[in-house]
Amino acid sequence: MTERDLSQEITDRCHFPMYGRYPITLVEGRGSRVRGTDGREYVDALAGIAVNALGHCHPAVVEALTSQAQQLIHCTNLYHTPVQARLAERLTALTGLDRVFFTNSGTEAVEGALKLARRWAGRQGRGARILSFTGCFHGRTMGALSAHTAKQREPFLPLVPGFEQLPFGDREALDRAVDDRTAAVIIEPVQGEGGVRAVPDEMLRDLRRLCDERGALLVLDEIQCGVGRTGRFNAHDHAGVKPDVLVLAKALGGGVPIGAVLACEDVAAAFTPGDHGTTFGGNPLACAAAEATLGVITAEDLPARAARVGEAFRAQLREAAATRPAIRDVRGRGLMIGVELAFAGKELVTDMMHRGVLGNCTAERVIRFVPALNIPEEDLDVIREVFLAAVDAAAARKETS
């Protein structure tokens, strides 16, 4: 039995059946290329779902991890560590917020933000209701899941009470819903799992004004769209707004698990020692990876690069779509790009894999491209060519079926 077959056999036998895994086993990655056990190389257009912001095994991240692992891997948050302090200072400076709490993942960051919002609301004598939007994805833990659609929530009922979901983009519904019963509104500036849908800048500005007028918190979930992905370090910078609470993860660690909850001073002050905490969040190893990742992103101005090459990539796809009815829409910001198809996209992702590109389909019909922010432009050319070849093949099959 080959190494690939053995790995897949063991996974099928021992792991929870959580993922619809593709039949390849990856063993090595460098930059925007990965290699399987069969020796085949693939261009990675997914980057661990917007995680590997610098590609695979970036030298700065590898060096930071190696150096930190030789000094201190973990200690409790009852003690200070230099690397966590440096990361906290850098991240608050980059976001313009005052305080940060580190977690292990995005969904943990959302849970922390929800607890903070309710703790703050309780101290203000406000209601505890949390408003979210259709198409959102904030994580899989019980609090985050409570913000999702009824279909996603139903198998795990009862969940956390006090959540209400509003239609995406419906300003009138939002205006009716935000009142003194509302602790916070949580929204992704660009929905990822919802089909790469960007909140219009004016709507985000309106939401900021509405929260200010009625005393609710604005919580921005930039787990997938933050840390430079949309062409600005913060996705909300496009709209010129500032959240009360911001959650980050995915790209923050350059491939190493770490998340963050950031807040302005008066909101952060709602938490006191013992209200929240973590064993592993903000550990020295993860903080070292994040510090190195942010260092490269800022030194090489990768958000600006993402804006430039992402716009060129979308323009090329739009040009190709003009003669392809199978492509209904090309959208996104920076290197967070969605292409909506006229048919379900799962088989197309498999075809792309066979042609040497790893991609992803979300919201049934949207092919999502979230490659490394420093992906070589020639690799983007390969992604585009393979994607269009797969679209043409799928369209031809449907014509003859």
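As shown above, the structure is provided for reference.
About the criteria used
- Residues numbered from 1 in each chain as written.
- Predicted model: local features only at pLDDT ≥ 70, side-chain atom pairs only at ≥ 80, totals over all residues.
- Heavy atoms only, no water.
- Phe/Tyr/Trp six-rings, centres within 6.5 Å; stacked < 30°, edge-to-face > 60°.
- Helix = DSSP H or I, 4+ residues; strand = E, 2+ residues; numbered from the N terminus.
- Pairing = 2+ DSSP bridges.
- Axes fitted to C-alpha atoms, helices over the stretch in contact; angles between N-to-C directions.
- Buried < 20%, exposed > 50% of the residue type's maximum accessible area, 1.4 Å probe, protein only.
- Expected span 1.5 Å × (residues − 1).
- Polar contact = N/O pair within 3.5 Å; in protein donor to acceptor, adjacent residues only side chain to side chain.

Novice: So what's going on with the packing of aromatic side chains? Which residues, and what values?
Specialist: In the structure shown here, the tally under the stated rule is two aromatic pairs. Ring geometry for F313 and F369: centres 5.6 Å apart, planes at 85 degrees, overall edge-to-face. Here F313 is found in helix 12 (residues 302-321), whereas its partner F369 is found in strand 17 (residues 366-369), with 56 residues between them in sequence. With a centroid separation of 5.4 Å and 85 degrees between ring planes, the pair formed by F369 and F387 is classed as edge-to-face. With F369 in strand 17 and F387 in helix 14 (residues 377-400), the pair connects residues that are 18 residues apart, well separated along the chain.

Novice: Can you break down the sheet that holds strand 16 (residues 360-362) residue by residue, with the values?
Specialist: An order of 13-14-17-16 is seen for the four strands of this open sheet, with the pairing classed as antiparallel. Strand pairing shows two members of the sheet lacking a second neighbour, strand 13 (327-333) and strand 16, which therefore form its edges. Taken pair by pair, the neighbouring strands of this sheet meet at an average axis angle of 30 degrees, ignoring direction. In the sheet, strand 16 pairs with strand 17 via three bridges, with the strands oriented antiparallel. The partner of C361 across the bridge, within strand 17, is I367.

Novice: Now, about unusual backbone geometry: what can you tell me, with residues and values included?
Specialist: Here L157 and P158 are connected by a cis peptide whose omega angle stands at 0 degrees. Along the chain, P158 falls in the loop between helix 7 (150-153) and strand 6 (163-166). Even without glycine at this site, C57 takes up a positive phi of about 55 degrees. Along the chain, C57 falls in the loop between helix 2 (47-50) and helix 3 (59-69). The backbone of D301 sits at a positive phi, close to 45 degrees, despite the residue not being glycine. With respect to the helices and strands, D301 occurs in the loop between helix 11 (284-299) and helix 12. Taking the relative accessible area as the measure of exposure, D301 reaches 43% and is therefore partly exposed.

Novice: I'd like a rundown of helix 5 (residues 106-124), residues and numbers included.
Specialist: Here helix 5 contains 19 residues, and its C-alpha end-to-end distance of 27 Å stays within 8% of the 27 Å for a straight helix at 1.5 Å per residue. Within helix 5, burial applies to G106, T107, A109, V110, G112, A113, L114, L116, A117, W120 and A121. The N-cap residue of helix 5 is S105: its side-chain oxygen and the backbone nitrogen of E108 are 3.3 Å apart. Trailing helix 5 by a residue or two, G125 shows a phi angle of about 75 degrees, which is positive.

Novice: I'd like to hear about the pairing of strand 13, residue by residue, with values.
Specialist: Every other side chain in a regular strand lies on the same face of the sheet, so the side chains alternate between the two faces. Pairing analysis gives six bridges linking strand 13 to strand 14 (residues 336-341), with the strands arranged antiparallel. Counted as the bridge partner of V330 is V339 from strand 14. The hairpin formed by strand 13 and strand 14 contains two residues between the paired strands, and G334 there has a positive phi angle of roughly 55 degrees.

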